[in-house]
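# Observations on the model geometry
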Amino acid sequence: MTAKSQRMIDEGYMRTALSLALNGTGSVSPNPRVGCVIVRDNEVIGSGWHRCCGDPHAEVEAVRNAGGDVRGATVYVNLEPCCHQGRTPPCAPMLIEKGVSRVVVGMTDPNPKVNCGGINLLMDAGIEVTTGILEKESKWINRGFIRRMNDGRPWVTLKTACSLDGNIALKDGSSKWITGEASRRKVHMMRAESDALLSGIGTVLADDPAFTVREAEGRTPLRAIIDRKLRTPLDASLFKEKGLVFFAGGDAPAEKIKKIRERGAEVFIIDGPEESGPDFVVAKLCELGVNYLMVECGARLTSSLIGRGLVDEISLFMAPRLLGNGIRFTEHLGLGKLDEAVSIKDMQISACGEDIWIRGVLSCSPDL
């Protein structure tokens, strides 16, 4: 068999592993999404994926699915098998003990506790290891885990619903509903796939949102609100569901902090000057194990996040209507020169009901 033919076979099985890995979306963080396929004599004998943080890893699930006998088989896994003891035993020694002959890896693990350690362990045991198969695709499905490991922050996706001329509301703040039902359903799916959702006090006071998942399958993510003076009413819709944190300033009323905590929410005090608030919030959410952060907020916080280079991806739902002199979602960005413009790469444009859905990665986002 030629090297090109083997590569094509490897890519085919790796695509299956990647597809399996996506089943863990919304449930495995802070762990990465991992799928595994085990092949012997050109036949798939086992497959599995990491289902939930604390549950067995994908390799263990696949070996179990194969009935335990995987001697001489080839293992396809989109992320390097781990070599350290975490909530579950390491996978690389398990594969060695089971007598597999070859392991095909999509990408190395950026976790400093692994970072090629699993690959080296396999190779030292005489197992053939092939790396970099569908590496770009493997990195993309775990972009949040990579960002958290490498940069100490989650992958941040900014969601905005606006008119064709870029307005998120009329000047008086009216914004329900600019986009259609199909876009709103897609937004609920995005929430269910995220680990946390971030917004600001302006949106809370204007719209009284619950930020829950209602029009899609899945759980409501952790909801985080930047509210320096804790102006959120205690009867706000946010409190109807658990999983809520507030980020307040050092001068926030102690009595209000107490009452919010009595309602089951947590309050973190932002450390540092006001302009560095978003950096503190994003870093704290990273500490809480958030890989994927979705942002739904007004123009001021949107502009602050983009301006500080904290947005990786934009998901823009654009309705076929014009609002004229309304509130533009980047009106506080404050760029002085055309060459300061934030570019978007890897852009995708598709229809979402009657709306246009534009997605892309911001040029200021660090490379994976």
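For the structure, see preceding data.
First, a word on what this report is: a plain description of the structure on this page. (Residues numbered from 1 in each chain as written. Predicted model: local features only at pLDDT ≥ 70, side-chain atom pairs only at ≥ 80, totals over all residues. Heavy atoms only, no water.)

## Considering the overall build of the chain
A tally of regular secondary structure across the chain gives 11 helices and 16 strands. Against the 2.2 N^0.38 benchmark of 21 Å for 368 residues, the chain shows a C-alpha radius of gyration of 23 Å, consistent with a compact globule. Reported as C-alpha extents along the three principal axes, the dimensions of the chain are approximately 70 × 45 × 40 Å. Counting over 368 residues, the chain shows a buried share of 50%. By sequence separation, contacts in the chain at least 24 residues apart represent 70% of the contacts at least 6 residues apart. Summed over its atoms, the accessible surface of the chain is roughly 17,100 Å², and 49% of this surface lies on carbon and sulfur atoms. (Helix = DSSP H or I, 4+ residues; strand = E, 2+ residues; numbered from the N terminus. Rg over C-alpha atoms; globule rule 2.2 N^0.38 Å. Buried < 20%, exposed > 50% of the residue type's maximum accessible area, 1.4 Å probe, protein only. Contact = heavy atoms within 4.5 Å. Areas by Shrake-Rupley, 256 points an atom, 1.4 Å probe, with all protein chains shown as cover.)

## Topic: the sheet that holds strand E15 (residues 344-352)
Strand order in the open sheet formed by nine strands is E11-E10-E9-E8-E12-E6-E13-E16-E15, with mixed pairing between adjacent strands. The outermost strands of the open sheet, each flanked by one partner alone, are strand E11 (266-269) and E15. Taking each pair of neighbouring strands and ignoring which way they run, the sheet shows an average axis angle of 20 degrees. Here strand E10 (residues 244-248) runs beside E11; their pairing, made up of four bridges, is parallel. (Pairing = 2+ DSSP bridges. Axes fitted to C-alpha atoms, helices over the stretch in contact; angles between N-to-C directions.)

## Some details on the environment of Arg300
Mapped onto the fold, Arg300 is located in helix H11 (residues 299-307). Distance in space between the C-alpha atoms of Arg300 and Arg328 is 9.9 Å, their sequence separation being 28 residues.

## Focus: helix H4 (residues 117-124)
Listed in full, the buried residues belonging to H4 are Gly118, Ile119 and Leu122. For H4, the angular spread of the buried residues around the axis is 100 degrees, confining them to a single face. Taken together, the buried residues of H4 touch helix H3 (91-98), strand E4 (102-107) and strand E5 (128-130). Count one or two residues on from H4 and you reach Gly126, which has phi positive near 85 degrees. (Arc of directions from axis to C-beta.)

## Details of the packing of H3 against H4
Remark: H3 packs on H4, axes separated minimally by 9 Å, with the N-to-C direction vectors making an angle of 20 degrees. With respect to their mutual orientation, H3 and H4 come out roughly parallel. Of the two elements, H3 crosses H4, and the hand of that crossing is right-handed. Judged by residue contacts, Ala92, Pro93, Leu95 and Ile96 of H3 engage Gly118, Leu121 and Leu122 from H4. Residues belonging to the contact of H3 with H4 are distributed by class as follows: six nonpolar, one polar and no charged. (Parallel < 35°, antiparallel > 145°, perpendicular 65-115°, else oblique. Left-handed = near helix turned anticlockwise from the far one by under 90°. Nonpolar A, V, L, I, M, F, W, Y, C, P; charged D, E, K, R; others polar.)

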